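Coordinate analysis (summary)
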Amino acid sequence: MKYFLAILIMAGLYVMTSHGAALAHDEDKDKYVLVIHGGAGTILKEKISEEQETAIRAKLEEALLTGQAILERGGEAVDAVVATIKVMEDSPLFNAGRGAVFNHEGYNEMDASLMDGRDLNAGAVAGVTSVKNPITLAREVMINSKHVILSGKGAEEFAKSRQIELADPEYFRTEKRWNQLQKALEKDIVRLDHDGDQTSDSITDTEGDPIDPEHKFGTVGAAALDMHGNLAAGTSTGGMTNKRWNRIGDSPVVGAGTYADNNSCAVSGTGHGEYFLRAVVAHSICALMEYKGLTLAQAADEIVMHKLVDMGGEGGIIAVDGQGNVAMPFNTEGMYRGYIKGHDKPVIGIYKD
Ligand code: ASP
């Protein structure tokens, strides 16, 4: 009899621990949240066709539902963030993974980062050219290396040593992005002929891209709260069209483009990376909550709508806190964004509305 009881208890324990849901308190069961962005910029309704808008909304929804399915079965915030970002990396609609922008030399150099709010563990990669999903390599760096950021060739060697899926340069290429580079290159020549100003001219977009490429930041990102109360955030990008000299933006820099801390919130940003780096955007939002007691909405507003605006830094962020509050402020015309809470339906936005 004793023996039978022991088996019953062990079986019960196994069921509880193998289903994360059983580890959470009942009232927390539906308390999981996922929030995403697919870039911010001069996103104007008059430049987006109905088909484009439908495609973008559908992909954002697919990304949210992918992450929700993980959170719903008691999965971890980090896993939901990675799976969600992979959906957007695999889509040519965004500037990450397939469909990433081209650098000055005519190839795609991608950056990504991931942070776990439980223990402030983080991993990131910069300037990778042949990793199919840079966010999975960022996770590998976080979990299976002693480092936080790996870059270039070294990051790719590490990817190979860890059997991370690679892809040919052709996989990342889309005609739309290639044409954007050609226009940017032409403008560079024009600028050299004139005053050498690198930022003032706008690139006319004839490819039907809804965002003015001079003021577009098509990076993708996700932040999640799981039913165990843990936060995580991640970001993935191709950076900026026509970037040179192995330029690295904010996206792979922990604290600037991505931050997650269970004591405050999880944040992913999109915008002009040089400003996000200088304003240490993601960490500043968390710090205002932790040290100054601001709410998530107040902290995010302070950094995106005041600090960045005063500096001239265009962009936006998405964030979630430990209570499941969501913030998605942006100081541009629009930002591809969305969130999903528990079993609710996804909420998706594009323009200022
Ligand atoms: N923040 C990214 C960078 O500067 C660009 C983006 O958000 O699209 O590389």
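Scroll up to find the structure.
Since this is a predicted model, take the numbers as computed values, not measurements.

Judged by nonpolar contacts, the single largest core of 51 residues is most densely connected at Leu-34, Ile-36, Leu-60, Leu-114, Leu-137 and Tyr-336. Examining the composition of this core, we find that nine residues originate from one element, helix α4 (residues 77-89), more than from any other. Formed by 35 residues, the second largest nonpolar core is a distinct cluster that contains Leu-231, Ala-233, Cys-286 and Ala-327.

Counted as a void, the second largest pocket has a volume near 160 Å³. In this structure, the second largest pocket is lined by Tyr-107, Glu-109, Ala-126, Gly-127, Thr-129, Ser-151, Gly-152, Lys-153, Glu-156, Asn-246, Arg-247 and Ile-248. Counting residues per element, the lining of the second largest pocket draws most heavily on helix α6 (residues 152-161), which supplies three residues. Taken together, the residues of the lining of the second largest pocket break down into three nonpolar, five polar and four charged.

The local shell around the ligand consists of Phe-217, Gly-218, Thr-219, Gly-239, Arg-247, Gly-249, Asp-250, Ser-251, Thr-270, Gly-271 and Gly-273. In the model, an oxygen atom of the ligand is placed 2.6 Å from a nitrogen or oxygen of the Thr-219 side chain. With respect to the ligand, the backbone of Gly-271 contributes an N or O atom lying 2.7 Å from a nitrogen atom. Coverage of the ligand by the protein amounts to 100% of the 270 Å² it exposes when considered alone. Here the ligand is seated within the largest cavity. In the shell around the ligand, the residues fall into one nonpolar, eight polar and two charged.

So, about the pairing of strand β1 (residues 33-43). Along any regular strand the residues' side chains alternate between the sheet's two faces. Counting buried positions along β1 yields eleven of eleven residues, so the element is predominantly enclosed. Looking at chain direction, β1 and strand β12 (residues 334-341) are connected through seven bridges and run antiparallel. Among the inter-strand pairings, Val-35 is bridged to a residue of β12, identified as Tyr-339. Two strands pair when backbone bridges link them, and β1 and strand β6 (residues 220-225) are joined in this way by five bridges, in the antiparallel orientation.

Scanning the model with the defined rule gives ten salt bridges in all. Between Arg-139 and Asp-79 there is a salt bridge; the shortest N-O distance is 3.4 Å. Note that Arg-139 is positioned in helix α5 (residues 134-144) and Asp-79 in helix α4, a separation of 60 residues in sequence. Taking relative accessible area as the criterion, Asp-79 reaches 31% and is therefore assigned partly exposed. Overlapping salt bridges, with partners in common, bring together Lys-45, Glu-53 and Arg-57 in one network.

Let us look at empty space enclosed by the protein. Think of a ball as big as a water molecule: rolled over the atoms, this probe shows where empty space is left. What the rule picks out here adds up to one cavity of 30 Å³ or more. The volume enclosed by the largest cavity comes to roughly 90 Å³. Lining the largest cavity are 15 residues, and of these Thr-219, Thr-237, Asp-250, Ser-251 and Gly-271 sit closest to its centre. If you tally residues by element for the lining of the largest cavity, the top one is strand β9 (residues 265-271), at three residues.

So, on to the packing of aromatic side chains. Aromatic ring pairs: the centre-centre distance and the angle between the two ring planes describe each pair. Summed over all chains, the structure comprises three aromatic pairs. When the ring of Phe-102 is compared with that of Trp-178, the centres are 5.0 Å apart and the planes differ by 80°; the resulting orientation is edge-to-face. In this pair, Phe-102 is assigned in the loop between α4 and β2 (110-116) and Trp-178 in helix α8 (residues 175-193), connecting sequence segments 76 residues apart. Residue Trp-178 is classed as partly exposed on the basis of its relative accessible area of 24%. Across the ring face of Trp-178, the terminal group of Arg-173 is positioned such that the distance to the ring centre comes to 4.5 Å.

In this section: the side chain of Lys-132. As for its position among the elements, Lys-132 is in the loop between β3 (121-128) and α5. For Lys-132, a relative accessible area of 17% translates into the label buried.

Attention now goes to the sheet that holds strand β11 (residues 326-327). Adjacent strands of a sheet pair through backbone hydrogen bonds, lying either parallel or antiparallel. Read across the sheet, four strands follow the order β8-β9-β10-β11 without closing on themselves; strand pairing throughout is antiparallel. This sheet does not close on itself; its edge strands, each paired only once, are β8 (258-260) and β11. The sheet contact formed by β8 and β9 spans three bridges and is antiparallel. Its bridge partner lying in β9, Tyr-259 is registered against Val-267. Against the sheet, helix α11 (residues 296-311) touches β9, β10 (315-321) and β11, its axis set at about 160° to β10.

Right, let's get into unusual backbone geometry. A negative phi holds for most residues other than glycine; trans holds for most peptide bonds. For Leu-120, which is not glycine, the phi dihedral falls at a positive 60°. Tracing the chain through its elements places Leu-120 in the loop between β2 and β3.

This part takes up α5. The element α5 is largely enclosed, with a buried count of eight among its eleven residues. Looking only at α5, the buried set comprises Pro-134, Ile-135, Thr-136, Leu-137, Ala-138, Glu-140, Val-141 and Met-142. Among the structural elements, α4, β2, β3, β4 (149-151), α6 and β7 (231-237) are those in contact with the buried residues of α5.

In contact at an axis separation of 11 Å, α5 and α6 are set at 80° when each is read in the N-to-C sense. When the axes of α5 and α6 are compared, the pair comes out roughly perpendicular. Judged by residue contacts, Leu-137, Glu-140, Val-141 and Asn-144 of α5 engage Ala-155, Phe-158 and Ala-159 from α6. Partitioned by chemical class, the residues of the contact of α5 with α6 number five nonpolar, one polar and one charged.

Conventions used here
- Residues numbered from 1 in each chain as written.
- Predicted model: local features only at pLDDT ≥ 70, side-chain atom pairs only at ≥ 80, totals over all residues.
- Heavy atoms only, no water.
- Core = buried A, V, L, I, M, F, W, Y, C linked by side-chain atoms within 4.5 Å.
- Buried < 20%, exposed > 50% of the residue type's maximum accessible area, 1.4 Å probe, protein only.
- Helix = DSSP H or I, 4+ residues; strand = E, 2+ residues; numbered from the N terminus.
- 1 Å grid on protein atoms, 1.4 Å probe; cavity = no way out; pocket = protein on both sides within 12 Å on 5 of 7 lines; lining within 4 Å.
- Points joined across faces, edges and corners; volume = space filled by probe spheres on them.
- Nonpolar A, V, L, I, M, F, W, Y, C, P; charged D, E, K, R; others polar.
- Near = heavy atom within 4 Å.
- Polar contact = N/O pair within 3.5 Å; in protein donor to acceptor, adjacent residues only side chain to side chain.
- Areas by Shrake-Rupley, 256 points an atom, 1.4 Å probe, with all protein chains shown as cover.
- Sits in = over half its atoms within 2 Å of the grid points.
- Pairing = 2+ DSSP bridges.
- Salt bridge = Lys/Arg side-chain N within 4 Å of Asp/Glu carboxyl O.
- Phe/Tyr/Trp six-rings, centres within 6.5 Å; stacked < 30°, edge-to-face > 60°.
- Lys NZ or Arg CZ within 6 Å of the ring centre and 35° of its normal.
- Contact = heavy atoms within 4.5 Å.
- Axes fitted to C-alpha atoms, helices over the stretch in contact; angles between N-to-C directions.
- Parallel < 35°, antiparallel > 145°, perpendicular 65-115°, else oblique.

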